[in-house]
Amino acid sequence: MHDLSRWAHRHEYGAGNAAAERGTRLVLWITIVTMLVEIVAGWWFNSMAVLADGWHMSSHALAIGLSAFAYAAARKYATDPSFAFGTWKIEVLASYTSAIVLLGVAGAMVFGSLERLWSPQPIHYAEAMIVAIGGLAVNLVCALILGQAHDHHHDHDHPPHHGHAHHHDLNLKAAYIHVVTDALTSLLAIAALAGGWLWGWAWLDPATGLVGAVLVALWAKNLIVQSGRVLLDREMDHPVVAEIREVIAALPESGNTQITDLHVWRVGNGAYACAISLLTHDPALTPLQIREALGIHEEIVHVTVEIHLCDIC
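Here's a quick rundown of the structure.

Calculation criteria
- Residues numbered from 1 in each chain as written.
- Predicted model: local features only at pLDDT ≥ 70, side-chain atom pairs only at ≥ 80, totals over all residues.
- Heavy atoms only, no water.
- Buried < 20%, exposed > 50% of the residue type's maximum accessible area, 1.4 Å probe, protein only.
- Helix = DSSP H or I, 4+ residues; strand = E, 2+ residues; numbered from the N terminus.
- Arc of directions from axis to C-beta.
- Contact = heavy atoms within 4.5 Å.
- Pairing = 2+ DSSP bridges.
- Core = buried A, V, L, I, M, F, W, Y, C linked by side-chain atoms within 4.5 Å.
- Salt bridge = Lys/Arg side-chain N within 4 Å of Asp/Glu carboxyl O.

### Regarding helix H7 (residues 239–249)
Within the span of H7, buried status applies to Val 240, Val 241, Glu 243, Ile 244, Val 247 and Ile 248. Along the axis of H7, the buried residues cluster in a sector spanning 160°; they form a single face. The outward face of H7, more than 90 degrees from its buried face, is lined by the exposed residues Glu 246 and Ala 249. Check the buried side of H7 and you find it contacts strand E1 (258–268), strand E2 (271–280), helix H8 (287–294) and strand E3 (300–309).

### Description of the pairing of E1
Direction of pairing for E1 relative to E2: antiparallel, over a ladder of nine bridges. Residue pairing for E2: Trp 265 is matched across the bridge by Ala 273. Following E1, the chain reverses through two residues before pairing antiparallel with E2; Gly 270 in that reversal takes a positive phi of roughly 75°.

### Thoughts on the nonpolar core
If you look at the biggest cluster of nonpolar residues, it comprises 18 residues, and the most contacted ones within it are Ile 244, Leu 262, Val 264, Ile 276, Ile 290, Leu 294 and Ile 300. Going through the elements one at a time, H7, E1, E2, H8 and E3 are the ones with two or more residues in this core. Once residues within four sequence positions are removed from consideration, Leu 262 is found in contact with Met 236, Val 241, Ile 244, Arg 245, Cys 274, Ala 275 and Ile 276. Counting 16 residues, the second largest nonpolar core, distinct from the first, contains Val 92, Leu 170, Ala 220 and Val 230.

### With respect to the side chain of Ser 186
Positionally, Ser 186 belongs in helix H5 (residues 170–199). Other than its neighbours up to four places away in sequence, Ser 186 contacts Ala 132, Gly 135, Leu 136 and Asn 139.

### Description of the pattern of salt bridges
This model, assessed by the stated rule, comprises five salt bridges. In this structure, Lys 89 engages Asp 233 in a salt bridge whose closest nitrogen and oxygen atoms are separated by 2.6 Å. With Lys 89 in helix H3 (residues 88–118) and Asp 233 in the loop between helix H6 (204–231) and H7, the pair connects residues that are 144 residues apart, well separated along the chain. Glu 235 is the partner of Arg 266 in a salt bridge, and the nearest nitrogen-oxygen pair spans 3.3 Å. In this pair, Arg 266 sits in strand E1 while Glu 235 sits in the loop between H6 and H7, placing the two residues 31 residues apart along the sequence. As far as burial versus exposure is concerned, Arg 266 and Glu 235 are alike and both buried. Sharing partners across several salt bridges, the network here consists of Glu 21, Arg 25 and Arg 75.

Structure, rendered in structure tokens:
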């Protein structure tokens, strides 16, 4: 029997993010408990302001729950051979879906704000201010938890490769944006309620809602673009592609080796797969030599090499 270890690949490219998984689970439970308290309190005290904030928080609980589920699913199926390049894109898909939910949140904010501009309703300022301050406090705690998970992820799990920028955990970023969105909503509400309470500017509440909706939509768009690039394997403009070309160009000139086809795509945070086809005049050149030459770039974790010997000259 031959030892195939020199040629075989493992497909567990997602290193995992245990801190982020713990953080999203904790934030999920905090969000669910806060949501239930607000819904029950709103129903018990017959307060539409509290009740609306509780149902608004349910959309964020759904998205954060999706992030937590994605971490668990990616870890559970990490060794499943039916995933050709590992399970990391489960997390990216969750990030993309979460961004779509964010667009829905922005749309709901626009609808609610316009409705209040057209049909102003009496505002119970003291009660609404307490709800907004409480929501802000909860979301700041959640943002701190997720922020620490992000720092822990970069400090311990993924040192940067060859001067490259950090690769963001898109799933964690999606959960973080949902929390920050809710905090921003609460902060804008506090400012608007203060203006209405002190100077009678009732229009300020729906106006700040529209401003918040625009910011949320922009964040959602950015997240959709980032996660969409990964899902569509649009990575050929990444610096790692230029590094691969440099490695091939540095091969001995006597072989006159050229790239005829190159595909690069991401299979994990800071981990890339590469399929490369070469035309060479060097009869001694082997795929193993190419893999070893590309091995100086640690982010290239899976290499498939095809070599054609030129028979024209």
